[in-house]
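Breakdown of the fold
If you want the building blocks of each chain, they are given just below.
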Protein chains: 4
Amino acid sequence: MPTAQLPLDHACLIVHGTDSPGIVAAVSALITRQGANIVQFDQYSDNPAGGAYFQRVVFHRPGLREALPAIEADLDETLGTGFDLRWSITDQSVPKRMAILASKQDHCLLDLLWRHRRGELPVEIPVVISNHTDAAADVEGFGIPFVHVPSVAGPDKSASEARILAVLADADADFVVLARYMQILSGEFLERVGVPVINIHHSFLPAFIGAQPYRQAKARGVKLIGATSHYVTTDLDEGPIIEQDIVRVTHAQTAADLERRGADVERAVLSRAVLWHAQDRVIRHGNHTIVF
Amino acid sequence: MPTAQLPLDHACLIVHGTDSPGIVAAVSALITRQGANIVQFDQYSDNPAGGAYFQRVVFHRPGLREALPAIEADLDETLGTGFDLRWSITDQSVPKRMAILASKQDHCLLDLLWRHRRGELPVEIPVVISNHTDAAADVEGFGIPFVHVPSVAGPDKSASEARILAVLADADADFVVLARYMQILSGEFLERVGVPVINIHHSFLPAFIGAQPYRQAKARGVKLIGATSHYVTTDLDEGPIIEQDIVRVTHAQTAADLERRGADVERAVLSRAVLWHAQDRVIRHGNHTIVF
Amino acid sequence: MPTAQLPLDHACLIVHGTDSPGIVAAVSALITRQGANIVQFDQYSDNPAGGAYFQRVVFHRPGLREALPAIEADLDETLGTGFDLRWSITDQSVPKRMAILASKQDHCLLDLLWRHRRGELPVEIPVVISNHTDAAADVEGFGIPFVHVPSVAGPDKSASEARILAVLADADADFVVLARYMQILSGEFLERVGVPVINIHHSFLPAFIGAQPYRQAKARGVKLIGATSHYVTTDLDEGPIIEQDIVRVTHAQTAADLERRGADVERAVLSRAVLWHAQDRVIRHGNHTIVF
Amino acid sequence: MPTAQLPLDHACLIVHGTDSPGIVAAVSALITRQGANIVQFDQYSDNPAGGAYFQRVVFHRPGLREALPAIEADLDETLGTGFDLRWSITDQSVPKRMAILASKQDHCLLDLLWRHRRGELPVEIPVVISNHTDAAADVEGFGIPFVHVPSVAGPDKSASEARILAVLADADADFVVLARYMQILSGEFLERVGVPVINIHHSFLPAFIGAQPYRQAKARGVKLIGATSHYVTTDLDEGPIIEQDIVRVTHAQTAADLERRGADVERAVLSRAVLWHAQDRVIRHGNHTIVF
């Protein structure tokens, strides 16, 4: 299965917690003594006088895989005392495993599959799950397993959600993308899935929350329509926003035109959000994101 | 007082009503037999099978002023039978009279005054009314009368609104622009003012309706902020949208940064809406606008 | 083969020539007496005092196919005397036949094929020709014939161009799209092909004319990169521009990043240019286009 | 004279040179031992394997003014051995002194003066120099000294340039902004001025280099027009680009319309470039800029 060329011996370190003096010095000293060289360093503090602190460092360390346990032990020791910080580190040569959930609309799904095949996304795609069978041939044409999990009529979705959870577990997914998946996932599902879930909403949130946003946009007579990619939480359409974009429309366009034009924005916005998540550029903080 | 160079002997005809066959033919035959030549012709029908019809024609007629009564009589006769249409015609060499209401924030106000001085807006500005005195010197520096109408504490604004209405009547205003005017106008005011009122709202409506939209935007963590210019109706922030635009923001920007960055979008959006209104490019239809 | 749902009994009439009084009246009277109703009317004159005149009218006429000969005869008669105008009329239920030429890069090609399958483009695609075989399986997966015409080494391309011309003639192509086709077509080819040829150039023309525009852009340190779709003429990269767009870049992006990011702009720009051409919205005039 | 509220006890440190391991660690250790806390940290390396290195750090140090000599000595010692780096440090509570050169067109000039008055730009404006007197009253209305230096006919500008240099020296300018200044400055002037000079060019460089770019744009039939702010070098229109932006135009707009519409882009682009320069966010490197 094709994947992007991923950089060997590069690690991405995320540090996140309460700001206090000396964090940059402590982390950079650690990286130097671990024989690594900083490639990229991003830092943000929402209030230098004791607010939240966010840091993303990419560093190069020959023989990274073997060195990781020692680096992790050093991080535990260095950041574990005198700071209120959490950290996570990833080997950038290991692609994240991205599972996709889709429905009838295929534009976001196909866009992700194409970009993956072109090597634009540093991910593996172990499985595409859909509650429709329309996209099966396309997905398999990309060499990716397709699983059909029909939606169940009525409010109790526990059976189909259990099936999806089992497929995701089998696929060992690191995160899940809802590529215009038209079923609302239950709070129980979100709790049990255990990995981030990224959605694309077909409006410029918080405008037009809920169903049929293009119809709502036409009714309101807006001059711009948009799309929003966000992490899914139990508050529908209210999760932390990763990326948004818009496109200009006119009175002469019908709701169907808006939908067609909007589809281009949706796939562009979702692909950027997925890329940034896969590159560990997005840090969640409350209902916000910091995107480095 | 400086104004834009306005085209002599050019008229703008707006036709608006129920679509039916033959409207374009009837109007263009009329223009031809009235000795005029079409310069620009825009037409839109929201449903050719009997929906609403919108038409804007700019035509050149030597000796327009003298010819107007005959043209108007012809329009009455031609469109008055067999069609369900309203029309209005304006001599484009006559600038509209635009009154401005402002408060403390001066960026939209100054932008309009400066564009007017540059000849970018085909309007006269007979008066600027403000509930603060801060901008008095600037306004008078542009050679434009400034009237201070202090806001009245408490819910009863009838006294200050009566004063504003009197000033607008004296100024013979054709339309009113709320250039970040921070008082909510009563339904009675809107009924009595008798001319269109254009507002600039500092958000991408319908997102962040109400007070302090930049603060709301920061709290929601959006990646784009915007501004919306709309006609004022008694439904606050719900009137027909004329123009909108947005600008990209990041997590690193504070609410104050958003406000500063948003001010640029506000003045750009408002100036476009005002220009288009002054050029008779905007037709209101229910809660929508057609912008030619 | 899937195509967009095309409107029955709708015609698009283009009128183009020297402006003079009475054109709108003559055309609209003709449409009315031919039993048709105007759906959309766009008009532009680059100088009302005798400049160039451009008009696009979409009208609805029950039984259009049968009525067309009479309408055409009426157009000949009406516009043939007293005016200096050319006209063309198309039945909008008949899709244009669009042939595609491609090379190794497949993002523009696949985007067009996928939009076509979704019904977004009112065209048939009789053939895809490439000087590489990479895309053969994809193209045939979309149910579209693929023809491999290898490029010939050396300056004399007449043999391969003759082969392409023969395939295009067999395909009865109404227009040709160069979807990142990396061979320069000779003047003789362009003369003999006899139909419009649309190209996508991977820069914001006229900046970075010639080879490797992303590399040129990186070298110049621009903050925006773009793409341009234009009609192909014998002056390389100098033909009439149909559509352009840009995307923001930073110092941190490599030339390869620009290329990847630019690919999204390229396919978006090309798809809009192709759509507008297929809808007869684009009129060529000298080295310009009027896009209604 | 009004200026923006500038942060007390904040310094901005720029480090620029050849990349090598340990720079971040060395700088952040220095900041910590100097009793300061990092507020913002941006870093970029164009090639981690020994390319160019760029770093911007904002840090907070109580009693900064008194501490600066010690910090500077520490920087000399720390970065002077084992690294190939230059550094500069500024006290962010001290506004830069920005001189403006203008001509007849006032939109960029007035925009800068307004923004300055609103407190948007962390600068002082000691003088505005113009080769015309039109803007004198406006400038003095803002409380800023205006100096008229008429342009000299003929190729020898040395007299007027000498006068400008004298005024700039008197004004103790830290940088110079050409706000649509329509005289070409000689290489000798640029050499002697000794401070950065920022220009706004009214096109999307490198398109339409030279005179009358809007006329060139109209002639080429582009669908977007733009503006570019760049540092001035002896290669006309070829200096390092700081910021660019564009706006969409159509066939229906005349060259005069493009000029009017472009003026909005020019003032927006120039104001961003000036802000970023004043905040020490722009690092020049060869013919490029790194903008943090």
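Residues numbered from 1 in each chain as written. Chains lettered and ligands numbered in written order. Predicted model: local features only at pLDDT ≥ 70, side-chain atom pairs only at ≥ 80, totals over all residues. Heavy atoms only, no water.

Between chain C and chain D, the superposition needs a rotation of 180° and an axial shift of 0.0 Å, giving an RMSD of 0.0 Å. The superposition of one copy onto the other is thereby described by a two-fold rotation axis. Across chain C, the smallest distance between a C-alpha and the rotation axis is recorded for C:A207, namely 2.3 Å. Comparing contact sets, 100% of the residues at the interface of chain C also lie at the interface in chain D, consistent with an isologous, same-surface contact. (Least-squares fit on C-alpha atoms with pLDDT ≥ 70 in both. Contact = heavy atoms within 4.5 Å.)

The feature "domain: ACT" (unreviewed entry), as annotated in UniProt, sits at residues 12-92 of chain A in this numbering. The straight-line gap between the two end C-alpha atoms of residues 12-92 of chain A is 7 Å; of that span, 35% is helix and 40% is strand. (UniProt positions renumbered as here; feature names shortened; annotations may be inferred. Helix = DSSP H or I, 4+ residues; strand = E, 2+ residues; numbered from the N terminus.)

Across its 24 residues, helix α8 (residues 255-278) of chain C extends 33 Å between first and last C-alpha, which sits within 8% of the 34 Å expected from 1.5 Å per residue. Of the residues trailing α8(C), C:D280 is marked for its positive phi of about 55°. (Expected span 1.5 Å × (residues − 1).)

This next bit is on the side chain of D:R115. Relative to the elements of secondary structure, D:R115 occurs in helix α3 (residues 107-117). A distance of 3.0 Å separates the side chain of D:R115 from the side chain of B:D264, its partner in a polar contact. Those residues in contact with D:R115 that sit more than four places away from it in its chain are B:D264, B:R267, D:E120, D:L121 and D:S271. (Polar contact = N/O pair within 3.5 Å; in protein donor to acceptor, adjacent residues only side chain to side chain.)

The next thing to look at is the environment of C:G141. Counting through the fold element by element, C:G141 comes out in helix α4 (residues 136-141). Its relative accessible area of 65% is what places C:G141 among the exposed residues. (Buried < 20%, exposed > 50% of the residue type's maximum accessible area, 1.4 Å probe, protein only.)

Let's shift gears to the interface of chain A and chain B. At the junction of the two partners, chain A supplies 32 residues and chain B supplies 32 residues. When chain A packs against chain B, the two sides together hide about 2,700 Å² of surface, and 56% of this comes from carbon and sulfur. By the criterion of area lost to chain B, the three top residues of chain A are A:R220, A:K223 and A:H251, representing 28% of everything that side buries. Where chain A meets chain B, there are six salt bridges. The salt bridge partner of A:R220 is B:E238, with a shortest N-O separation of 3.6 Å. (Buried area = accessible area lost by both parts, 1.4 Å probe. Salt bridge = Lys/Arg side-chain N within 4 Å of Asp/Glu carboxyl O.)

Residue and element names in this part refer to chain B. Running from N to C, helix α1 (residues 23-33) and helix α2 (residues 64-80) point in directions that differ by 150°, and their axes come no closer than 11 Å. As the angle between them shows, α1 and α2 are arranged roughly antiparallel. In terms of crossing hand, the pair formed by α1 and α2 is right-handed. On the side of α1, the interface is formed by A26, V27, L30 and R33, while α2 contributes I71, D74, L75, T78 and L79. Its residues assigned to classes, the contact of α1 with α2 comprises six nonpolar, one polar and two charged. (Axes fitted to C-alpha atoms, helices over the stretch in contact; angles between N-to-C directions. Parallel < 35°, antiparallel > 145°, perpendicular 65-115°, else oblique. Left-handed = near helix turned anticlockwise from the far one by under 90°. Nonpolar A, V, L, I, M, F, W, Y, C, P; charged D, E, K, R; others polar.)

All names here are of chain A. Feature annotation in UniProt assigns "active site" (unreviewed entry) to the following positions: D237. Tracing the sequence through the fold places D237 in the loop between β11 (224-231) and β12 (241-248). Overall, the relative accessible area of 7% leaves D237 in the buried class.

Before going further, it helps to examine the side chain of C:E120. Here C:E120 lies in the loop between α3 (107-117) and β6 (123-124). Within the local environment of C:E120, its side chain forms a polar contact with the side chain of C:R118, the two groups lying 3.0 Å apart. Those residues in contact with C:E120, other than ones at most four positions away along the chain, are A:R260, C:R115 and C:L275.

As a further point, take the packing of aromatic side chains. Tallying each qualifying case throughout the model produces ten aromatic pairs over all chains. Ring plane angle 20° and centroid distance 5.9 Å describe the contact between A:Y44 and A:F54, whose orientation is recorded as stacked. Highlighted residues: A:Y44 in strand β2 (residues 37-45) and A:F54 in strand β3 (residues 52-60), separated in sequence by ten residues. We classify A:Y44 as buried; its relative accessible area is 14%. Here the aromatic rings of A:W114 and C:W114 are separated by 6.2 Å at their centres, their planes lie at 75°, and the arrangement is edge-to-face. (Phe/Tyr/Trp six-rings, centres within 6.5 Å; stacked < 30°, edge-to-face > 60°.)

Quick look at empty space enclosed by the protein now. As enumerated under the stated definition, the model contains 15 cavities of 30 Å³ or more in all. Taken as a whole, the largest cavity encloses approximately 100 Å³ of empty space. Broken down by secondary-structure element, the contributors of at least two residues to the lining of the largest cavity are α3 (107-117) of chain A together with α3 and α8 of chain C. Residues of the lining of the largest cavity, tallied by class, amount to three nonpolar, one polar and seven charged. (1 Å grid on protein atoms, 1.4 Å probe; cavity = no way out; pocket = protein on both sides within 12 Å on 5 of 7 lines; lining within 4 Å. Points joined across faces, edges and corners; volume = space filled by probe spheres on them.)

Moving on, we come to the interface of chain C and chain D. Between chain C and chain D, the residue contacts involve 32 residues of the former and 32 residues of the latter. When residues of chain C are sorted by the area they lose upon contact with chain D, C:R220, C:K223 and C:H251 head the list and together hold 28% of the total. Applying the counting rule to chain C against chain D returns six salt bridges. For C:D245, the salt bridge goes to D:R248, with nearest N and O atoms at 3.6 Å. Seen at the junction of chain C and chain D, the total is 22 residue pairs in polar contact (both at pLDDT 80 or more). Elements with a contribution of two residues or more to the side of chain C that touches chain D: α7 (213-220), β12 (241-248) and β14 (288-291) of chain C. The dominant element in the side of chain C that touches chain D, judged by the number of residues it contributes, is β12(C), at seven residues. Class assignment for the residues of the side of chain C that touches chain D results in 16 nonpolar, seven polar and nine charged.

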